[in-house]
Amino acid sequence: MTAQDTPAGSPTKRVLAVVLFNLLVYIVIGLPNAVLTIFVHQGLGYSTTVAGITFSLQYFATFAARPSAGRLVDRIGPKPVVIGGLVTCVLSGLLIAGSGLLAATPLLSLGALLLSRLLLGWAESWAATGVIVWNIRRAGAENTAIAISWNGICSYGGIALGAPIGAKLSMLPAPYGGLVSVGILSVALPLFGLALIGFYPGVKPIPSTSQPIPFSRALRLVLPHGSALAAGSIGFGAISSFLALYYSVLHWQGAATALAVFGFTFVVIRFFFASQIAKRGGVFVAIVSLLVEALGLATLCVFQTPSAALLGAALTGAGFSLLFPALGVLAVNSAGPENRGAALGAYSIFIDLAIACSGLFLGQVIEFAGYRTMFATTAICCLVGVLISRSLGRRTA
C-alpha cells in the first residue's frame, strides 16, 4: 500500500476526512423522509401504495446502480465515482423543488418526484460505494470495520438530521414551502461537497493480475450474508417509508422526532458498540441485532401510543445499527482486495432490494390489514434473519 493510500493520522481520522461526502448525500436523502409519503398521499391524492412505491423507487435505483458503482470503483478509483454521485444528487434536488412547484398538477408533480427518487438512488449508490472503498484504501484493509461503521454513522446520522430539517422547511409559507425549500437545500449540500472534494487526493485502483470477477460471482459469494441483511432491512423500510404516515393517520404530532430518535439510537449504538464485531464475531452481533430490531417492531405492533412508537423506533434503530457491518466485513473481504468494490456492491444490493420491495409490499399490507399487521410482518422477517444468521454461523464454524 502506498503512502498516498495511508495518510498520516489514526485510522478514524483518515476515515472521517472522506466520510463527510457520504454525510452530505444522506442528509439530502433524509430531508424528504418526514414529508414525502404525506405529500404524495394527502397532497397529490394518490393511494398509500403509490406513496410507498414513490419512496421505495430510490432504493430500486440504488439496487440497479450497485454493479456499475462497484466496477467503476475497482477500475478508475473511488474519487471520480463519489464526484459522479454528488453531481447526480444535485440533479435530484432540482427535481424535488420542481415537484413542489408543480403540486397543482398532480401527475406532473408525481412524475418529477419519481425521476428525482431515481436519481437520488443512483447518487446514494455511487457515493456510498466510493466513500467506503476510498476509506478502506486510506485506513488500510485491517480497518475495514472502522470504514464501514463510520460510513453507517454518517449515513443514518444524516438521515436523522435531515428528516426534522425537511419537516421544518416544508412548513414555510408559499412559494418556498413544501418540497420547494427541501429541494433547494438538496441542491446546496452536494454543491458544497463538489467544491470541497477537489482538495482531496484520490487513490489509484489496485492493479490486478487477473480479470475482475463477474458480478454474478460476487453476488453468490455474499449471498448468505446479504440474505440475513435483507431480512433486517425490511424493518428499516417500514420505519422510513410509513412511520410519518402512521403518525399522520392517528393524528399524532412528532413523526420527525420519531425518525430522529431512530437515527440517533442507530448512531449511538454504531459509535459505542461497533468494536463488539471484532470481539464477538459478526454472526453473533447480527443475531443480537435482529432480535432487538424484532422487539422494536413488535412494540410498534402491540402498543398503539405515541410513547410506544418512540420506544419502538428507538429499538428498531438500535437493532438495525450493527447489522450491515457485522456481516459486511466478511462479505467485503470474500472476493479479495482487488474486487472489494464488486463485493461491496453485491452485498449492498440486498439492503437496496429489501427496502425497495418493502415499500410496495408493506403498502399493500397496510391497505388490506392495517399498520399493526405491517409491523408484525416486519418483526417476523427479522426472526427469519436470525435463522439465516445461525445457519451462516454453523457454516463459518
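Before reading on, note that the structure itself is shown above.
Residues numbered from 1 in each chain as written. Predicted model: local features only at pLDDT ≥ 70, side-chain atom pairs only at ≥ 80, totals over all residues. Heavy atoms only, no water.

Asker: Got a minute to help me understand the environment of Leu-172 in this structure?
Answerer: Position of Leu-172 among the secondary structure elements: in the loop between α6 (144-170) and α7 (179-197). Taking relative accessible area as the criterion, Leu-172 reaches 39% and is therefore assigned partly exposed. Taking the C-alpha atoms as reference points, Leu-172 and Gly-363, separated by 191 residues in sequence, lie 29 Å from one another. (Helix = DSSP H or I, 4+ residues; strand = E, 2+ residues; numbered from the N terminus. Buried < 20%, exposed > 50% of the residue type's maximum accessible area, 1.4 Å probe, protein only.)

Asker: Where do I start with the side chain of Thr-129 in this structure?
Answerer: With respect to the helices and strands, Thr-129 occurs in helix α5 (residues 106-139). A relative accessible area of 0% means that Thr-129 is categorised as buried. In this structure the side chain of Thr-129 is engaged in a polar contact, spanning 2.9 Å, whose partner is the backbone oxygen of Ser-125. (Polar contact = N/O pair within 3.5 Å; in protein donor to acceptor, adjacent residues only side chain to side chain.)

Asker: What exactly am I supposed to notice about the environment of Ala-218 here?
Answerer: With respect to the element layout, Ala-218 can be found in helix α8 (residues 215-221). Residue Ala-218 is classed as buried on the basis of its relative accessible area of 0%. When the C-alpha atoms of Ala-218 and Ile-349 are compared, they prove to be 11 Å apart, with 131 residues separating the residues in sequence.

Asker: Even after reading the chapter, I still don't get helix α14 (residues 323-332), so can you show me in this structure?
Answerer: Owing to its 3.6 residues per turn, the α-helix aligns residues three or four sequence positions apart on the same side. With 9 of its 10 residues buried, α14 lies for the most part within the structure. Turning to α14, its buried residues number three or more, namely Leu-323, Phe-324, Pro-325, Ala-326, Leu-327, Gly-328, Val-329, Ala-331 and Val-332.

Asker: What's the story with a nonpolar patch on the surface in this structure? I'm lost.
Answerer: Together, Val-87, Leu-91 and Leu-94 line one region of the surface with nonpolar side chains, adding up to about 250 Å² of accessible area. Checked against the element boundaries, Val-87 lands in helix α4 (residues 78-101). Its relative accessible area of 39% is what places Val-87 among the partly exposed residues. (Patch = residues over 30% accessible without salt bridge, like charges linked within 9 Å, V, L, I, M, F, W, Y side chains within 5 Å. Areas by Shrake-Rupley, 256 points an atom, 1.4 Å probe, with all protein chains shown as cover. Salt bridge = Lys/Arg side-chain N within 4 Å of Asp/Glu carboxyl O.)

Asker: Just checking my understanding: could you explain the nonpolar core for this structure?
Answerer: Among the nonpolar cores identified, the biggest contains 121 residues, and Leu-243 and Met-374 are the most heavily contacted of them. Residues contacting Leu-243, with those up to four places away along its chain left out, are Ala-238, Ala-258, Leu-259, Leu-300 and Ala-313. (Core = buried A, V, L, I, M, F, W, Y, C linked by side-chain atoms within 4.5 Å. Contact = heavy atoms within 4.5 Å.)

Asker: Help me understand unusual backbone geometry, please; the structure alone is not making it clear to me.
Answerer: Negative phi values dominate among residues other than glycine, just as trans dominates among peptide bonds. Notably, His-251 is not glycine yet its phi reads approximately 60°, a positive angle. Take His-251: it is sitting in the loop between α9 (223-249) and α10 (255-273). Overall, His-251 belongs to the exposed group, its relative accessible area being 69%.

Asker: I keep staring at the packing of helix α1 (residues 11-30) against α6 and nothing clicks. Help me out?
Answerer: The axes of two packed helices give the description: the angle between them and the distance between them. Relative to each other, α1 and α6 sit at 35°, their axes nearing to 7 Å. As α1 packs across α6, the resulting crossing turns out to be right-handed. Residues Pro-11, Thr-12, Val-15, Leu-16, Val-19, Asn-22, Leu-23, Tyr-26, Ile-27, Ile-29 and Gly-30 of α1 form the contact with α6, whose own contacting residues are Ile-146, Ala-147, Trp-150, Asn-151, Cys-154, Ser-155, Gly-158, Ile-159, Leu-161, Gly-162 and Ala-163. Partitioned by chemical class, the residues of the contact of α1 with α6 number 15 nonpolar, 7 polar and no charged. (Axes fitted to C-alpha atoms, helices over the stretch in contact; angles between N-to-C directions. Left-handed = near helix turned anticlockwise from the far one by under 90°. Nonpolar A, V, L, I, M, F, W, Y, C, P; charged D, E, K, R; others polar.)

Asker: What's the story with the packing of helix α13 (residues 306-321) against α14 in this structure? I'm lost.
Answerer: At a closest axis distance of 5 Å, the pairing of α13 and α14 adopts a crossing angle of 10°. Here α13 is positioned roughly parallel relative to α14, judged by the angle of their axes. Across from Gly-319, Phe-320 and Ser-321 in α13, the residues of α14 making contact are Leu-323, Phe-324 and Pro-325. (Parallel < 35°, antiparallel > 145°, perpendicular 65-115°, else oblique.)

Asker: Please clarify how the packing of aromatic side chains should be interpreted in this entry.
Answerer: Note on aromatic pairs: each is described by the distance of the centres and the angle between the planes. Applying the stated criterion to the full structure yields 15 aromatic pairs. Between Trp-134 and Tyr-200 the ring centres are 6.4 Å apart and the planes differ by 70°, which places this aromatic pair in the edge-to-face class. Note that Trp-134 is positioned in helix α5 and Tyr-200 in the loop between α7 and α8, a separation of 66 residues in sequence. Of the two residues, Trp-134 and Tyr-200, neither departs from the other in class, the shared state being buried. (Phe/Tyr/Trp six-rings, centres within 6.5 Å; stacked < 30°, edge-to-face > 60°.)

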